[in-house]
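Take a look at the letters that make up each chain.
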Amino acid sequence: MSESATSSANDTREPVIDLSDVRFGYTTTPVVGDISLRIDPGEYVAIVGPNGSGKSTLMKLMLGLLQPDSGTAQLFGEPSHRFDDGERLGYVAQHASASKEMPITVREVVKMGRFPHVGFGRLSSEDWAIVDRALDTVGMSAFADRRVTQLSGGQRQRAFIARALASEANVLVLDEPTVGVDIESVEAFYELLDALNDDGITILIIEHDLGAVTEHAERVVCLNKEVYFDGPTAEFTDSDALAQAFGVTASTVDAGGSQ
Ligand code: ADP
């Protein structure tokens with residue numbers, strides 16, 4: 001790895017996400033307490049924690065969908081709630097069941113990724129080439145004309161990643177993207193994320209599958225209202241942060257089963 005790619009050199013670059021002493025509660029009780037967190041370009045970060053530990057809330061604060069009660073949240077150097085350069089960041093939600101009603105094809109989903117660039121205008125041949133390349137990257141070219149309602153959960157998530165790639169996002173934010181996806185597709189899905197990260201795409205993922213996280217992410221943030229651990233994945237697996245945050249031993253943790 002070149003020196004410019006080391007994390008100390010990254011400190012001089014604009015962070016993708018920068019939270020400073022962020023506190024937030026839906027009521028007077030905080031569900032996120034004084035969290036400071038910086039994510040640099042090219043990182044692969046997993047946020048883990050038990051149900052109700054504030055993972056989704058933290059992600060909403062990062063994306064500017066919620067505003068902190070105190071502290072600051074920045075996205076690409078701007079206050080997150082004012083950030084409006086949406087195509088730089090692709091968001092992939094738990095689509096496995098949510099998108100079942102959508103009767104459009106995979107290519108039409110991916111085409112939506114070009115809308116921030118073309119507005120209501122027609123897609124140029126270059127736009128279509130970007131759409132095709134995105135489909136190819138996620139291994140979905142053969143399914144381009146299939147309706148998303150006729151895809152497996154894993155295929156559907158690939159289609160949504162392709163949409164983010166077509167928008168030329170260089171950051172992917174994924175909220176438990178493999179819920180409801182079968183185990184072999186989960187592995188293939190993670191291999192795709194690894195390849196995208198190798199290509200320089202920043203990945204931030206909320207994940208309940210701790211096995212997948214420890215195998216793939218480079219950095220883990222373990223949360224339960226506050227940060228119990230933030231550091232390299234190997235150190236996380238050797239630490240007792242998991243047991244502390246979950247209040248149980250690691251071997252008994254099956255957060256997926258308690259969804
Ligand atoms: P996680 O994603 O880790 O499961 P959440 O961020 O969804 O946790 O929730 C953190 C806490 O905030 C939980 O106690 C949850 O019940 C509460 N909460 C989440 N969303 C809302 C909301 N819209 N209104 C009130 N309370 C909420």
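Residues numbered from 1 in each chain as written. Predicted model: local features only at pLDDT ≥ 70, side-chain atom pairs only at ≥ 80, totals over all residues. Heavy atoms only, no water.

A short note on the confidence of the model for the protein
- Here the protein averages 85 in pLDDT, while 88% of its residues score no lower than 70.
- Within the protein, the element-level pLDDT minimum falls on helix H1 (residues 7–10), averaging 45, and the maximum on strand E1 (residues 17–24), averaging 97.
- Confidence drops under pLDDT 50 across residues 1–10; counting only partners more than four residues distant or on other chains, this segment forms 8 contacts.
- This stretch, residues 250–259, has a pLDDT under 50; its non-local contacts, to residues over four places away or in other chains, come to 12 contacts. (pLDDT = per-residue confidence, 0-100. Helix = DSSP H or I, 4+ residues; strand = E, 2+ residues; numbered from the N terminus. Contact = heavy atoms within 4.5 Å.)

Focus: the sheet that holds strand E7 (residues 171–175)
- Across the sheet, which stays open at both edges, the 6 strands sit in the order E6-E7-E8-E3-E9-E10 with mixed pairing between neighbours. The outermost strands of the open sheet, each flanked by one partner alone, are strand E6 (89–92) and strand E10 (226–232). Adjacent strand axes in the sheet meet at a mean angle of 15°, parallel and antiparallel pairs treated alike.
- As paired elements, E6 and E7 share 4 bridges and run parallel to each other. When the sheet's bridge partners are listed, Gly90 is paired in E7 with Leu172.
- Against the sheet, helix H7 (residues 153–166) makes contact with E6 and E7, and its axis sits at roughly 165° relative to E6, the strand it touches most. (Pairing = 2+ DSSP bridges. Axes fitted to C-alpha atoms, helices over the stretch in contact; angles between N-to-C directions.)

Topic: the site of the ligand
- Around the ligand sit Tyr26, Val31, Pro50, Asn51, Gly52, Ser53, Gly54, Lys55, Ser56 and Thr57, and that is every residue in its neighbourhood.
- Within the backbone of Gly52, an N or O atom sits 2.8 Å from an oxygen atom of the ligand.
- For the ligand, whose accessible area on its own is 560 Å², the fraction buried by protein is 55%. (Near = heavy atom within 4 Å. Polar contact = N/O pair within 3.5 Å; in protein donor to acceptor, adjacent residues only side chain to side chain. Areas by Shrake-Rupley, 256 points an atom, 1.4 Å probe, with all protein chains shown as cover.)

Section: the nonpolar core
- Core analysis: the largest hydrophobic core is formed by 48 residues, its most contacted members being Val106, Val110, Ile161, Leu172, Leu174, Leu193 and Phe236.
- Considering every element that reaches this core, the biggest residue donor is H7, with 7 residues.
- Of the residues that make up this core, three or more belong to each of domain 1 (1–84 + 220–233) and domain 2 (86–217).
- Counting residues in each nonpolar core, the second largest holds 28 residues, with Ile35, Leu58, Leu204 and Ile206 among its members. (Core = buried A, V, L, I, M, F, W, Y, C linked by side-chain atoms within 4.5 Å. Buried < 20%, exposed > 50% of the residue type's maximum accessible area, 1.4 Å probe, protein only. Domains from an automatic or database assignment.)

Quick notes on helix H8 (residues 183–198)
- Here H8 spans 23 Å end to end across 16 residues, near enough to the 22 Å set by a 1.5 Å rise per residue.
- Taken together, the buried positions of H8 are Val186, Phe189, Tyr190, Leu192, Leu193, Leu196 and Asn197. The buried residues of H8 all sit within an arc of 155° when viewed along its axis, so they share a single face. Residues of H8 that are exposed and point over 90 degrees away from its buried face: Glu184 and Asp198.
- As for H8, its buried residues are in contact with strand E3 (44–48), helix H6 (125–137), H7, E7, strand E8 (202–206) and helix H9 (210–216).
- Once H8 finishes, Gly200 follows within two positions and takes phi at roughly 100°, a positive value. (Expected span 1.5 Å × (residues − 1). Arc of directions from axis to C-beta.)

Comments concerning the packing of aromatic side chains
- Inspection of every chain in the model, using the stated rule, returns 4 aromatic pairs.
- Note on Phe76 and Phe83: the rings are 5.3 Å apart at their centroids and 25° apart in plane angle, and the pair reads as stacked.
- Ring centres of Phe189 and Tyr190 lie 6.2 Å apart, and the angle between their planes is 85°; on these two criteria the pair is classed as edge-to-face.
- The buried category is assigned to Phe189, whose relative accessible area is 1%. (Phe/Tyr/Trp six-rings, centres within 6.5 Å; stacked < 30°, edge-to-face > 60°.)

Remarks on the environment of Ser141
- Locating Ser141 in the fold gives a position in the loop between H6 and H7.
- Between the C-alpha atom of Ser141 and that of Val131, which follows or precedes it by 10 residues, the distance is 9.9 Å.
- Ignoring any residue separated from it by four or fewer positions in sequence, one finds Ser141 in contact with Asp132, Leu135 and Asp136.
- A distance of 3.4 Å separates a polar atom in the side chain of Ser141 from the backbone nitrogen of Asp136.

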